[in-house]
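# Remarks on the overall topology
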Amino acid sequence: MFNDIGALELVTIVVLAILVFGPDKLPKVIQDVSGFIRKIRAFSDSAKQDIRSELGPEFKDFEFEDLNPKTFIRKQLTENEDLQELRTSFDLRKELNEVTDAVNSREGGPAPASATPSATPAGGTGPDLLKKPAAPAQEARTPFDADAT
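Residues numbered from 1 in each chain as written. Predicted model: local features only at pLDDT ≥ 70, side-chain atom pairs only at ≥ 80, totals over all residues. Heavy atoms only, no water.

All right, on to the overall build of the protein then. Along its length, the protein carries 5 helices and 0 strands. Mapped in sequence order, the helices and strands of the protein form the string α-α-α-α-α. Buried positions account for 2% of the 149 residues belonging to the protein. Accessible surface, the protein: about 14100 Å² in total, of which carbon and sulfur atoms supply 61%. (Helix = DSSP H or I, 4+ residues; strand = E, 2+ residues; numbered from the N terminus. Buried < 20%, exposed > 50% of the residue type's maximum accessible area, 1.4 Å probe, protein only. Areas by Shrake-Rupley, 256 points an atom, 1.4 Å probe, with all protein chains shown as cover.)

Let us look at a nonpolar patch on the surface. Together, V11, V15, L16, L19, V20 and F21 line one region of the surface with nonpolar side chains, adding up to about 590 Å² of accessible area. Within the secondary structure, V15 is located in helix α1 (residues 7-21). The exposure class of V15 is partly exposed, given its relative accessible area of 43%. (Patch = residues over 30% accessible without salt bridge, like charges linked within 9 Å, V, L, I, M, F, W, Y side chains within 5 Å. Salt bridge = Lys/Arg side-chain N within 4 Å of Asp/Glu carboxyl O.)

To continue, consider the pattern of salt bridges. Applying the stated rule across the entire model yields 2 salt bridges. Of the charged contacts, one joins R52 and E63 as a salt bridge, the two residues approaching to 3.6 Å between their closest N and O atoms. Taken together, the residues R52 in helix α2 (residues 26-55) and E63 in the loop between α2 and α3 (69-79) connect sequence positions 11 residues apart.

A word on a negative patch on the surface. A cluster of acidic residues, E79, E81, D82 and E85, forms a negative patch at the surface. Counting residues per element, the negative patch draws most heavily on helix α4 (residues 81-89), at 3 residues. Note that E85 resides in helix α4. Residue E85 is classed as exposed on the basis of its relative accessible area, which comes to 55%. (Lys, Arg positive; Asp, Glu negative; His and termini not counted. Charge placed at Lys NZ, Arg CZ, Asp CG, Glu CD.)

Working note: α-helix, 3.6 residues per turn, so residues spaced by three or four point in the same direction. Taking 1.5 Å of rise per residue, the 30 residues of α2 would be expected to cover 44 Å, and the 44 Å separating its terminal C-alpha atoms lies within 8% of that figure. One or two residues past the end of α2 sits G56, with phi positive at roughly 100 degrees. (Expected span 1.5 Å × (residues − 1).)

With that out of the way, let us pick up α1. Taking 1.5 Å per residue as the helical rise, α1 with its 15 residues ought to reach 21 Å, and the 21 Å between its terminal C-alpha atoms agrees with that figure. Positive backbone phi, at 90 degrees, marks G22, one or two positions downstream of α1.

In this section: the confidence of the model for the protein. The share of residues in the protein with pLDDT of 70 or more is 77%, and the mean pLDDT across the chain is 78. Per-residue pLDDT, averaged within each element of the protein, yields its smallest value for α4 (72) and its largest for α2 (92). With pLDDT under 50 throughout, residues 111-121 is counted as low confidence; its partners more than four residues away or in other chains account for 5 contacts. (pLDDT = per-residue confidence, 0-100. Contact = heavy atoms within 4.5 Å.)

In structure tokens:
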């Protein structure tokens, strides 16, 4: 609960408590706070036991920590046999190597000399989208008007 409190923060809290409550009232305040925390824990444990008894025997392994979404997902991913089998049968590196080989073999193949991005044969592949298109001719460019912008 207080894992991120350092020594300096703890000393500051103690000094402030002594200044606010005084050295003679501080032990009584600490006892009251610790008693309050014990009552809250007892109430929480009692509520957990009541919920477990109301759920019945089919939920005997139910843990309230499993209601945390991170814990629930982690538990479902590690305990599911189908996912374990899928995880062991799927090799991501092998799949990536196959895809890389397929892409490299398509790039390395000879390209037909008559195929251009604007005109392709009827049964051929479409334009190569990875290549940068050639700059249009001067007549094909739209006129630029600096005053209009």
